[in-house]
Structure formats: C-alpha cells, structure tokens
Amino acid sequence: MDQYQTRNDVPEKYRWNLGLIYQDQAAWDAGFSKLENITKQVEGFKGKLAQSTQSLQQAFEVQTELELLIEKLYTFAHHLSDQDTRDATNLGQVDRIASKATEIGARLSWMDPELLETPTDQLKIFQNDPLLKNYSRRIENLIRSKPHQRSAEVEEILSLVSEPLSSASKAFSLLENADMPMPTVKDGAGKDVLVNHATYITCLESDDRVLRKNAFEAYLGSFSQYKNTFAATLDGNVKNHVFYSRARNFKSAIESSLFNDTIPLSVYNGLIDTVHQHLPLLHRLMRLRKKILGVQDLNLYDLFVPMVKPADIDIPYEQATKMVLDGVKPLGETYVNALQKSFSERWIDVYYTTGKRSGAYSGGMYQSKPYILLNHKDNLGSAFTLAHELGHSLHSYFSNANQPHSKSSYPIFLAEVASTTNEMLLHFHLYDQAKTKEMKLYLLDHLFNQFRGTLYRQVQFAEFERDIHAMVEQGEPLTCQTLGAHYAKLNAHYYGKDVVQSEAISYEWARIPHFYYNFYVYKYSTSFAAAQYFARKIYDGDTTITEKYLQFLKSGSSRDPLDTLIEAGVDLRDSKPIEAAFKVFEQALDEFEKIIA
Ligand SMILES: [Zn+2]
C-alpha cells in the first residue's frame, strides 16, 4: 500500500510529528512576536561589539538565541508547507518568516565589518579565550578572511553590484524554466510524448529506444536553438565569479570559491587527474552496457536505461526500515538506537498525498528532530532513499548533540559522506543476502549508476567548470562554439570510443544549472569517494575506522572539512582514497562479468 487519499488517511506513525517544534499556530505566532525584541538587543551592541571579551560573548549569545528562533520558526513553517504545497496559508507563513529573516540579516550586517576593524592580534586573543570557545571557529574564519576584505567604501560598492551581477544567472533560469518551449516527440509506438525538464531523464531510462533517441535529440535540440543566449548567460555568470575573485584579491575564481571550505586547489585538480587515470573502468562499463543492451552502437541516449530490470519485488515501508536497520548494524548499538528513534519519535513523513512536495530530503534544525520528508514507493529505490536521508539525519543528530550551535552544521563538502556511507552499507548487506542472480545484477547495476553519475559525470562537470573559468581569466571568449567544442571534447574523452558521440551533445552544457553554482559539483565526488572508503572498512568490521567514523558524525563544522576527514582516516590531499573508491567499482565490474559469464 503506497497510495493514500488524504493525510488523514495515513496512519499517524507514518506522519512526522511537527508538534514537537510548535504545538499549534498560536505558539508559532508567540515565537514570531519575540523576534523584534531580540533583534533590538543585538543592535544594542553596535559600536561596542569588540570592546571586551564579555561584550562580544554577550552579543554572540543573544545573536545565537535569535538565530535559533528564526531557524525554529522557519523549519516549522516550511515543513508544514511541504506537506501540502497548495496551501496558501502555510506558504504565507513561510514568506512571513523568510522576509523577516532577510530584514533582520540586513539590520545586523554591521557585525562582521565592525569585528574586522579589530586588530588581528586582538581577534586572536578572542579566538583563544575560553569564554568565547563556542565561537572560536567564527572568529578564526573572520581572521582568515581579513586579507580579502576591502575598505568600507569598496565593500559598499561590492554589495551594491551583487544584484545587477546576478542577472545572467537569473536570465538562464527564466529562459530554461519559463520561456523555452519544450518539444513533443514520437515514441516507438508512434504516440506523442512531451519532453520537459521533469520527463527528460525518465525518457532516457525507458526501454523504448526510439523514444530515447527522439527525446535526446529534441530536448538538446531545443537548447541549441537558444545557444547564443545560453552562452551569454554562462559567460556573464563566469565573469561574475572572476570579477569577485579579483576584487577580493584571489589568484583565480576557483581559488576564491575553494577558500570558503579551505580546500587547496591541488585537491580539486588531483581529483580530476585521478578520475582521468580511471577512465578505462568507465570504458569497460560502456562495453558491458553495449553487450547487455545488445545494441550495435552504444549511443549517448543509451546510458541511462537500466541494464538489469528492477527486481520485481515489493518492499513495503516496514520491510525497508528493517533492511536499513540491518544494513547499518556494523555501525554499532549507539548508531542503531539513534536510528530507531527516527521511527519511534516520528521524524519521518513517509507517504505521498496530493500536493506534497516531491522528492526526499533531510531537514529539521539544531533544536528539533532531524525530520525527513519521503515519498515512499514500495520498491528497492525507496529503501535506498530511506538509507540516504537517514544518513543525513543521523549526521545532524550527532553533530547537534555534540557541538554548540555555531559549530553544528556540517558543510556541503561533508554532507554526502554520511548519506552515501549508509547507502553503501545497505548495498553490501543486500548483496550478501541476495538469493538470486537477478538481484545481485540489479544491485551491481544500481551501484554502477552511482559511480557513473556521481564520480565520473560530476568530475566531468567540475573539469568543464574549471576550464571555462580559466578561459575567461585568460581573455578567451566564451561563445556557443568554444563552449560546445570543449564540452564535446571532454565528453568524448570521458566516455571513450565505445560510445557514439553526436552533434546534440555539444549543447548539453546549456542545460546544466550546476554551472551557475560556483564550483559546487566536485563536492559530490569527493564525498562519494570518502564514503566508499568508510563503508567498505565499516562493513568489513574495522572497529578503529568505525569508531573514527562515529567521531566524524559528531564533529559538525568544528574544524576545516578537509581536517575533519583526515582525522577520520581519509586524506583527500592524497589520491589513495579516490583510488580505493575505484577499486570498489572495479570489483563490482568483475562480479557482474563473472555472474553473466
Ligand atoms: Zn543527500
């Protein structure tokens, strides 16, 4: 059973308990009415923030109180609204807290600049003062950013130009999502199928090869019709990044972006190099795919269709929860007990009902349960989604329990480690339990897709992103010709000679929103690789690594992300962890080939 008419039809134990955040609307309103007063208290510190350790500590404490309240109000409003996105009252509540938070942010924007006027020596004293220990990271980051801070006058101009400079990215989004007409194509039976952003990948996953080909060509063809405009929006966006990096005294746009997470450029470049060295494994997968699909030529539109049909088994939610619990057992009792709370304390909103937000996510805030939104279907994919989101939520749970608020929220660079580790533990568990060849092959194919999508494809994107920024920095124009030629070249290099390249692929860059995110996608790949390392060791019963991993989950943002992973045993400055991940991939390929032989 995975279809309920209304929320009231869903048994209570499958609905998240938001009442633990606010009992009712009146309690939320009462919380909201406190915002103004606390904001004024923080404003009272203006001009005397860094006067003494005591004044700084008091200001930070009140600000934390304010941040917690905003988070709490926002979390409740947006989780409530996601239950039924059509509900205008709930949506209004989200708007109300979001715009109040923006207003408060602007009113308190003097804080960091005021602190930055303090001499570095004094800031270092603050950083090491026990009274300010909860805020040491915040002060440390401020000191680190000092060389990139400009005079008050320049800072004012930089903040004034930020809105006009975001026009290129806005134009991209509007062209792609609102203005561009979407094509209708014929499927293998001659029926019309609308191809849009939501259905494109579904079409590529279809068994119907005619539909795959038509969808691929027509969808990318639509982008080609606006190729000059898309090139201009991407060019504008890259120039935006380059402008800021120069204005803030960075050597390059990429270094400016990596600075936020304190990631050395060598980690980024090293990741790309290591993936290049392991392209032969991707080529091997392509040859395998060609053979299994039984096609004469493997085309770019043949890459998404599963090689193995989803094992035709029904996995009700209760069974999925049991699978996940069994899967994470190697993490030990503390972890399993915490995970069990997600069910007994009703963190999870399980089933789809009309109007509910699509997809899945892990949410919550510092003082709430780490809630999870799902749209569970009774299949294996949903069981993996459950494992994934619980990975995030348990990471939040342990970090929130062990860190002060200002050091609790882990950065994106670390986020996908915990989710992927759980998915991999589930994979190993199910694989060892699998009774049929079909099930084993299905699990391996699922894993192959993860490797192709997360390690190879995201790194291909990361490389393209690096290169187009360098082109702009060297004064080379970004046009639809230069972008298309470079994209097609990279694509051919990644997939190798066993995949037929096509003209249409030289417009794929135009549809990737991640190229507007400022060096973001590589974090998926490094997280994924680190998780491969952890999961294998944990599953094999390495208690030292398991203990370090649990420590990692508790560490939030208390250190630089790279150091956090080094402490846990994964040093991404070295190529070894990425190579170890490819070993997992290679073994999976060996297994698959052995089974079908
Ligand atoms: Zn995730």
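Along each chain, residue indices are assigned from 1 in the same order as the chain's sequence is written. Side-chain atom pairs in this predicted model are given and counted only at pLDDT of 80 or more, local residue features only at pLDDT of at least 70, and totals for whole chains, interfaces and linings cover all residues. Computation of side-chain values covers all heavy atoms of the structure but excludes hydrogens and water.

**Comments concerning the coordination of the zinc ion**
Excluding water, the donors of a metal are its N, O and S neighbours within 2.8 Å, or within 3.2 Å for Na, K and Ca, and that exclusion means sites may look incomplete. With distances of 2.1 to 2.5 Å, the protein atoms coordinating the zinc ion are His388 (NE2), His392 (NE2), Glu416 (OE) and Glu416 (OE). Angle rules define the geometry names used: all angles between 85 and 135 degrees makes four donors tetrahedral, while opposite donors over 155 degrees apart and all other angles between 65 and 115 make four donors square planar and six octahedral, leaving every other case irregular. Viewed at the metal, the 4 donor atoms of the zinc ion are separated by angles of 52 to 139°, and the geometry they form is irregular. Read in sequence order, the donor residues coordinating the zinc ion give the pattern H-x3-H-x23-E. Residue histidine 388 and its partner histidine 392 are both found in helix α18 (residues 380-402); the two are separated by 4 residues, about one turn of the helix. Across the pair, exposure class does not vary: histidine 388 and histidine 392 are buried alike. Only DSSP runs of H or I with at least four residues qualify as helices, and only runs of E with at least two residues qualify as strands; both kinds are numbered from the N terminus onward. Each residue is assigned to one of three classes by its accessible area relative to the maximum for its type, calculated with a 1.4 Å probe on protein chains only: buried under 20%, partly exposed between the two thresholds, exposed over 50%.

**A word on the layout of surface pockets**
The gaps left among the atoms become clear once a water-sized probe is rolled over them. A volume near 1700 Å³ is recorded for the largest pocket. Here the term cavity refers to a set of points on a 1 Å grid, laid over the protein atoms alone, in which a 1.4 Å probe fits but cannot get out; the term pocket refers to an open set having protein on both sides within 12 Å along at least five of seven lines, with lining residues being those that place an atom within 4 Å of a point. Lining the largest pocket we find 42 residues, and of these Ile201, Glu205, Phe304, Asn449 and Gln450 sit closest to its centre. Put simply, the parts of the chain that give the lining of the largest pocket at least two residues each are α10 (200-204), α18, α19 (412-433), α20 (437-473) and α22 (522-539). With 11 residues, the top contributor of residues to the lining of the largest pocket is α20. Charged residues are taken to be Asp, Glu, Lys and Arg, nonpolar residues to be Ala, Val, Leu, Ile, Met, Phe, Trp, Tyr, Cys and Pro, and polar residues to be all remaining types, Gly included. Looking at the lining of the largest pocket, its residues break down into 16 nonpolar, 14 polar and 12 charged. In this structure, the second largest pocket is lined by 28 residues; those nearest its centre are Ser362, Gly363, Gly364, Ser396 and Tyr410. At the level of secondary structure, the elements contributing two or more residues to the lining of the second largest pocket comprise α3 (53-83), β5 (361-362), α18 and α19. Class assignment of the residues belonging to the lining of the second largest pocket gives a composition of 10 nonpolar, 14 polar and 4 charged. Grid points are joined across faces, edges and corners, and a volume is the space filled by probe spheres set on the points.

**Let's talk about α3**
By definition here, a helix of n residues has an expected span of 1.5 Å times n minus one. Compared with an ideal rise of 1.5 Å per residue, which puts 31 residues at 45 Å, α3 spans 45 Å between its outermost C-alpha atoms and is within 8% of the ideal. For α3, a buried count of 22 out of 31 residues is recorded, marking the element as mostly surrounded by other parts of the structure.

**Some thoughts on the environment of valine 417**
On the secondary structure map, valine 417 appears in helix α19. As a C-alpha pair, valine 417 and alanine 530 span 113 residues in sequence and 6.4 Å in three-dimensional space. Excluding anything up to four places from it in sequence, valine 417 contacts Ser527, Ala530, Ala531, Phe534, Tyr549, Phe552 and Leu565. Contacts between residues were defined by any pair of non-hydrogen atoms, one from each residue, lying within 4.5 Å.

**What about the domain arrangement of the protein chain?**
Size of an interface, as often reported, equals the accessible area lost when the parts are brought together. Throughout, the edges of the domains are those of an automatic or database domain assignment. You can read the domains of the protein chain as domain 1 (7-165) and domain 2 (250-312 + 418-597). In terms of surface lost to domain 2, no three residues of domain 1 exceed Arg137, Arg144 and His148, which account for 93% of the buried area on that side. The term salt bridge refers to a pairing of a side-chain nitrogen on Lys or Arg with a carboxyl oxygen on Asp or Glu at a separation within 4 Å. Our enumeration of links across domain 1 and domain 2 arrives at 1 salt bridge. Arginine 137 is paired through a salt bridge with aspartate 560; the nearest N and O atoms lie 3.1 Å apart. Pairing of N or O atoms within 3.5 Å defines a polar contact, subject to two protein rules: one partner must be a possible hydrogen donor and the other a possible acceptor, and residues neighboring in sequence count only if both atoms are side-chain atoms. Where domain 1 touches domain 2, the interface holds 4 residue pairs in polar contact (both at pLDDT 80 or more). Within the side of domain 1 that touches domain 2, the residues separate by chemical class into no nonpolar, 2 polar and 2 charged. In short, buried area is how much 1.4 Å probe accessible area vanishes from two parts on joining, totalled over both.

**Things to note about the sheet that holds strand β6 (residues 372-373)**
Backbone-to-backbone hydrogen bonds join strands into a sheet, with any given pair of strands oriented parallel or antiparallel. Note on pairing: DSSP must find at least two bridges between two strands before they are called paired. With mixed pairing, the 3 strands of this open sheet are ordered in space as β4-β6-β5. Looking at which strands have only one partner, the edges of the open sheet turn out to be β4 (348-349) and β5. Bridge count for β5 against β6 is 2 bridges, and the pairing is antiparallel. Bridge pairing links tyrosine 361 to leucine 373 in β6.

**Section: the packing of aromatic side chains**
The geometry of an aromatic ring pair is captured by the separation of the ring centres together with the interplanar angle, meaning the angle of the planes. Two rings from Phe, Tyr or Trp (for Trp, the six-membered ring) form a pair when their centres are within 6.5 Å of each other. A pair whose planes differ by under 30 degrees is stacked, one over 60 is edge-to-face, and the rest are tilted. Under the definition given, this model contains 38 aromatic pairs. Look at tyrosine 22 and phenylalanine 76: their rings are 5.5 Å apart centre to centre, the planes differ by 85°, and that puts the pair in the edge-to-face class. One end of the pair, tyrosine 22, is in the segment before α1 (25-33); the other, phenylalanine 76, is in helix α3, and 54 residues separate them in sequence. Grouping residues by exposure puts tyrosine 22 and phenylalanine 76 together as buried. With a centroid separation of 4.9 Å and an interplanar angle of 15°, the aromatic rings of phenylalanine 451 and phenylalanine 585 are classed as stacked. Placement of phenylalanine 451 in helix α20 and of phenylalanine 585 in helix α25 (residues 576-596) is noted, with a sequence separation of 134 residues between them. Residue phenylalanine 451 is classed as buried on the basis of its relative accessible area, which comes to 0%.

**Brief notes about empty space enclosed by the protein**
Summed over the entire model, instances satisfying the criterion amount to 2 cavities of 30 Å³ or more. For the largest cavity, the calculated volume is near 100 Å³. In terms of lining, the largest cavity is formed by 13 residues, of which the most central are Leu300, Phe304, Arg457, Ile505 and Glu508. Looking at which element gives the most residues to the lining of the largest cavity, the answer is α10, with 3 residues. Looking at the lining of the largest cavity, its residues break down into 9 nonpolar, 1 polar and 3 charged. A volume near 30 Å³ is recorded for the second largest cavity. Residue lining of the second largest cavity: Phe384, Glu423, Met424, His427, His446, Leu447 and Gln450, and that is the complete set.

**Digging into the side chain of glutamine 403**
Structurally, the position occupied by glutamine 403 is in the loop between α18 and α19. Judged by relative accessible area, glutamine 403 falls into the buried class, the value being 15%. A polar atom in the side chain of glutamine 403 sits 3.1 Å from the backbone oxygen of lysine 554. In this structure, glutamine 403 is in contact with Tyr366, Ser408, Lys554, Ser555, Gly556 and Ser558, ignoring residues within four places of it in sequence.

**A few points about the nonpolar core**
In terms of nonpolar packing, the biggest core is built from 144 residues, with Phe448, Trp509, Phe534 and Leu565 touching the most fellow members. In this text, buried Ala, Val, Leu, Ile, Met, Phe, Trp, Tyr and Cys residues form a nonpolar core when linked through side-chain atoms within 4.5 Å. Residues Leu35, Leu49, Phe126 and Ile139 belong to the second largest nonpolar core, which totals 40 residues.

**Some remarks on the pattern of salt bridges**
Tallied over the full model, the rule gives 39 salt bridges. As a salt-bridge pair, glutamate 36 and lysine 40 come within 3.4 Å of each other at their nearest N and O atoms. With glutamate 36 and lysine 40 both in helix α2 (residues 35-43) and 4 residues apart, this pair spans about one turn of that helix. Exposure remark for lysine 40: the relative accessible area of 49% places this residue in the partly exposed category. Of the charged contacts in the structure, one is a salt bridge between arginine 284 and glutamate 593, with a shortest N-O distance of 2.9 Å. Note that arginine 284 is positioned in helix α15 (residues 279-293) and glutamate 593 in helix α25, a separation of 309 residues in sequence.

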